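Each chain is listed here by its residues.
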Amino acid sequence: DQQVKQNSPSLSVQEGRISILNCDYTNSMFDYFLWYKKYPAEGPTFLISISSIKDKNEDGRFTVFLNKSAKHLSLHIVPSQPGDSAVYFCAASPPLSNAGNMLTFGGGTRLMVKP
Amino acid sequence: DTAVSQTPKYLVTQMGNDKSIKCEQNLGHDTMYWYKQDSKKFLKIMFSYNNKELIINETVPNRFSPKSPDKAHLNLHINSLELGDSAVYFCASSQDRWTKNTGELFFGEGSRLTVL
């Protein structure tokens, strides 16, 4: 039972245009959401995050939007650059417990930005 | 200078063998994790250790045994390997188990295990 889903396995965008990556979750206990970026043969690296008390967080070309009622978040990259080509993982975290920060990841979306 | 390093990066072995994957972090973090990326590309947590103490064990078969000799190392030993164990295993670390700041999980490069 996947609690975090990324329904688009891949996305192709022209350089300079906007990339929109989507993520849906089912567990209403999640209160913190993150996006990780992964290049081939490397581990995921943190990109941007958002707390459930916010609906938008922006960092340079990257903006994450959260719609709690729809249990949906999206990552916008504008303008997209060829170096953004990677797999993007959405992750969600429940409130902290003694068990630590247990992230649940989606299956990833492969973004290809064409020059 | 790699923050979280795993060895080996690639491992090919026969069913029934025992193998280990090592992980080291030089970030001074207290908490370390093992994640498994399966064939469907989902990253799923397996274990979490805080300062050498096991705090998460997510329904992983007993054939998997993590060992943490100190808080900078978390090794994964797998007994009697099965075909379904083929996956990429990622080690990660975080400052501690109570921090929920941005980007708190730092991942290693992954170890691709292939069981034949």
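Note that the coordinates shown come from a computational prediction; the quantities given were computed from them, not determined experimentally. (Residues numbered from 1 in each chain as written. Chains lettered and ligands numbered in written order. Predicted model: local features only at pLDDT ≥ 70, side-chain atom pairs only at ≥ 80, totals over all residues. Heavy atoms only, no water.)

K.L.:
Got a minute to help me understand the packing of aromatic side chains in this structure?
P.N.:
Each aromatic ring pair is described using two quantities: the centre-to-centre distance and the angle formed by the ring planes. Under the counting rule described, the total for this entry stands at 13 aromatic pairs over all chains. Geometrically, the ring pair formed by Tyr36 of chain A and Phe107 of chain B is edge-to-face, given 5.7 Å between the ring centres and 90° between the ring planes. Of this pair, Tyr36 of chain A sits in strand E4 (residues 32–38) while Phe107 of chain B sits in strand E10 (residues 106–107), each in a different chain. Across the pair, Phe107 of chain B and Tyr36 of chain A agree in class, each one buried. Taken together, a centroid distance of 5.6 Å and an interplanar angle of 90° make the contact between Phe105 of chain A and Tyr35 of chain B edge-to-face. In this pair, Phe105 of chain A is assigned in strand E10 (residues 104–105) and Tyr35 of chain B in strand E4 (residues 31–37), connecting two distinct chains. (Phe/Tyr/Trp six-rings, centres within 6.5 Å; stacked < 30°, edge-to-face > 60°. Helix = DSSP H or I, 4+ residues; strand = E, 2+ residues; numbered from the N terminus. Buried < 20%, exposed > 50% of the residue type's maximum accessible area, 1.4 Å probe, protein only.)

K.L.:
Just to check I follow, could you spell out the pairing of strand E11 (residues 109–114) of chain A for this structure?
P.N.:
Side-chain positions along a regular strand alternate between the two faces of the sheet. All names here are of chain A. The alternating pattern of E11 places Thr109, Leu111 and Val113 on a buried face, while none of Arg110, Met112 and Lys114, on the opposite face, is buried. In the sheet, strand E2 (residues 10–14) pairs with E11 via five bridges, with the strands oriented parallel. Across the sheet, the residue bridging to Ser12 is Met112, located in E11. (Pairing = 2+ DSSP bridges.)

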